[in-house]
Amino acid sequence: GPIHVVGWQAARIYERAEREAREKGRKLESTHYVGSNMTMWKAWLPQDDKLLNYSTGFIVNLDGTPSAQVHQHDRFGVLQSLWLGHMMNDGGPYNNY
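Residues numbered from 1 in each chain as written. Predicted model: local features only at pLDDT ≥ 70, side-chain atom pairs only at ≥ 80, totals over all residues. Heavy atoms only, no water.

Asks: For this particular structure, what's the right way to read the pattern of salt bridges?
Replies: One side chain can pair with another of opposite charge once the charged atoms of both are near each other. Evaluated as defined, the whole model comprises four salt bridges. Residue D49 is joined to R16 by a salt bridge in which the shortest nitrogen-to-oxygen separation is 2.6 Å. Note that D49 is positioned in the loop between α1 (7-23) and β2 (70-71) and R16 in helix α1, a separation of 33 residues in sequence. The class of D49 is buried, set by a relative accessible area of 16%. For R16, a relative accessible area of 23% puts it in the partly exposed group. Note that R75 and D74 form a salt bridge whose closest N and O atoms lie 3.9 Å from each other. (Salt bridge = Lys/Arg side-chain N within 4 Å of Asp/Glu carboxyl O. Helix = DSSP H or I, 4+ residues; strand = E, 2+ residues; numbered from the N terminus. Buried < 20%, exposed > 50% of the residue type's maximum accessible area, 1.4 Å probe, protein only.)

Asks: Help me out: how do you make sense of the side chain of S30 in this one?
Replies: Position of S30 relative to the elements: it lies in the loop between α1 and β2. Overall, S30 belongs to the buried group, its relative accessible area being 18%. Setting aside residues no more than four positions away along its own chain, S30 makes contact with V78, L79, S81 and L82. (Contact = heavy atoms within 4.5 Å.)

Asks: Help me understand α1 in this model?
Replies: Count 3.6 residues to each turn of an α-helix, and residues three or four apart come out pointing the same way. Here α1 contains 17 residues, and its C-alpha end-to-end distance of 24 Å stays within 8% of the 24 Å for a straight helix at 1.5 Å per residue. Every buried residue of α1 is listed here: G7, A10, A11, I13, A17 and A21. In a view along the axis of α1, the buried residues occupy a sector of 160°, so they form one face of it. Of the exposed residues in α1, the ones pointing more than 90 degrees away from its buried face are W8, R22 and E23. Count one or two residues on from α1 and you reach G25, which has phi positive near 70°. (Expected span 1.5 Å × (residues − 1). Arc of directions from axis to C-beta.)

See below:
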């Protein structure tokens with residue numbers, strides 16, 4: 001449909017990331033899935049979740065096309081901050097991504 005509602009899935013991904021960070025004795029940060037390789041900022045979620053286009057970082061539909069509107073993306077919490085920051089600094093997503 002025209003709106004991709006990610007709220008439930010995003011909340012579960014965030015909870016999992018929080019648990020993983022806690023188990024490592026760390027605070028959850030925007031680089032949780034990117035790690036120290038900052039050139040990988042577009043891979044802000046694990047590939048197993050099949051939710052991103054890893055060349056753009058965009059959330060995609062089941063058929064792999066970019067989602068036109070993503071509702072409840074705030075449920076990703078800090079996990080989306082790194083990607084969102086890059087997009088805002090680069091003038092995206094309406095540029096060459």
